Amino acid sequence: QVQFVESGGGLVHSGGSLRLSCAASEKISGIYAMGWYRQAPGKQRELVAILSNGGNPAYADSVKGRFTISRDNTRNMVFLQMNSLEPEDTAVYYCYARRVVPYQTEYWGQGTQVTVSS
């Protein structure tokens, strides 16, 4: 069973930056989209950013202009550069991947904690 593993979370002061990375545990084909979701305490999981094959990245309004998503398709990796972090960005960040070949499958990472202090 393929797993996606995140890294790069941590504690940062308001205004600081972090870079999250996510990689598949083994080589996998047929990935159509990769992205990031987050879940803050007491809130629902929400989309942060997602990037599909051949498409433009989509961002939550709250992170536009501050976060940048990128992918390395040859290594099935996705990255999230987070700048100008705010305390409201504090959450567990989850890597997400959607595979379409040979059939639809969704994958989730185990999550990495991002804490922004004021």
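Scroll up to find the structure.
Because the structure is predicted, anything quoted here is derived from the model rather than measured.

With that settled, the discussion passes to the overall build of the protein. Within the protein one finds 0 helices and 11 strands. When the helices and strands of the protein are listed from N to C terminus, the series reads β-β-β-β-β-β-β-β-β-β-β. In summary, the protein has a C-alpha radius of gyration of 14 Å against a globular reference of 13 Å for 118 residues, a match within 12%. Taken over the C-alpha atoms alone, the protein extends approximately 45 × 25 × 25 Å along its principal axes. Counting contacts in the protein only where the partners sit at least 6 residues apart, residues at least 24 apart contribute 56% of the total. When the accessible surface of the protein is summed, it comes to about 6300 Å², and 48% of that surface belongs to carbon and sulfur atoms.

This part takes up the pattern of salt bridges. In this structure the tally under the stated criterion is 6 salt bridges. Between Arg 66 and Glu 86 there is a salt bridge, and its shortest N-O distance comes to 3.9 Å. Here Arg 66, found in the loop between β6 (58-59) and β7 (67-72), pairs with Glu 86, found in the loop between β8 (77-82) and β9 (91-99); they are 20 residues apart in sequence, far enough to count as distant. Two residues, Arg 66 and Asp 89, come together in a salt bridge whose shortest N-O distance is 2.8 Å. Of the two residues, Arg 66 sits in the loop between β6 and β7 while Asp 89 sits in the loop between β8 and β9, which places them 23 residues apart along the sequence. Judged by its relative accessible area of 1%, Asp 89 falls in the buried class. When salt bridges that share partners are traced, they join Arg 38, Glu 46, Arg 66, Glu 86 and Asp 89 into one network.

The subject of this paragraph is the sheet that holds β8. One open sheet accounts for 4 strands, arranged β1-β3-β8-β7; its pairing is antiparallel. Each of the sheet's edge strands pairs with one partner strand only, and the pair in question is β1 (4-7) and β7. The mean angle between the axes of side-by-side strands here comes to 15°, regardless of whether they run parallel or antiparallel. Examined bridge by bridge, β7 and β8 share 6 bridges and lie antiparallel to one another. Directly across from Asp 72, in β8, lies its bridge partner Met 77.

Counting residues in each nonpolar core, the largest one holds 30 residues, and the members touching the most others are Phe 4, Trp 36, Val 48, Phe 67, Leu 80, Met 82 and Tyr 93. For this core, the secondary-structure elements that each account for two or more residues are β3 (18-24), β4 (31-39), β5 (46-52), β7, β8, β9 and β11 (112-117). Excluding residues that lie within four positions of it along the chain, Phe 67 makes contacts with Arg 38, Val 48, Tyr 59, Leu 80, Gln 81, Met 82, Asn 83, Leu 85, Asp 89 and Tyr 93.

The next thing to look at is the side chain of Asn 76. Within the element layout of this structure, Asn 76 appears in the loop between β7 and β8. Excluding residues that lie within four positions of it along the chain, Asn 76 makes contacts with Phe 4, Cys 22, Ala 23, Ala 24, Lys 27, Ile 28, Ile 31 and Met 34.

Parameters and conventions
Residues numbered from 1 in each chain as written. Predicted model: local features only at pLDDT ≥ 70, side-chain atom pairs only at ≥ 80, totals over all residues. Heavy atoms only, no water. Helix = DSSP H or I, 4+ residues; strand = E, 2+ residues; numbered from the N terminus. Rg over C-alpha atoms; globule rule 2.2 N^0.38 Å. Contact = heavy atoms within 4.5 Å. Areas by Shrake-Rupley, 256 points an atom, 1.4 Å probe, with all protein chains shown as cover. Salt bridge = Lys/Arg side-chain N within 4 Å of Asp/Glu carboxyl O. Buried < 20%, exposed > 50% of the residue type's maximum accessible area, 1.4 Å probe, protein only. Pairing = 2+ DSSP bridges. Axes fitted to C-alpha atoms, helices over the stretch in contact; angles between N-to-C directions. Core = buried A, V, L, I, M, F, W, Y, C linked by side-chain atoms within 4.5 Å.

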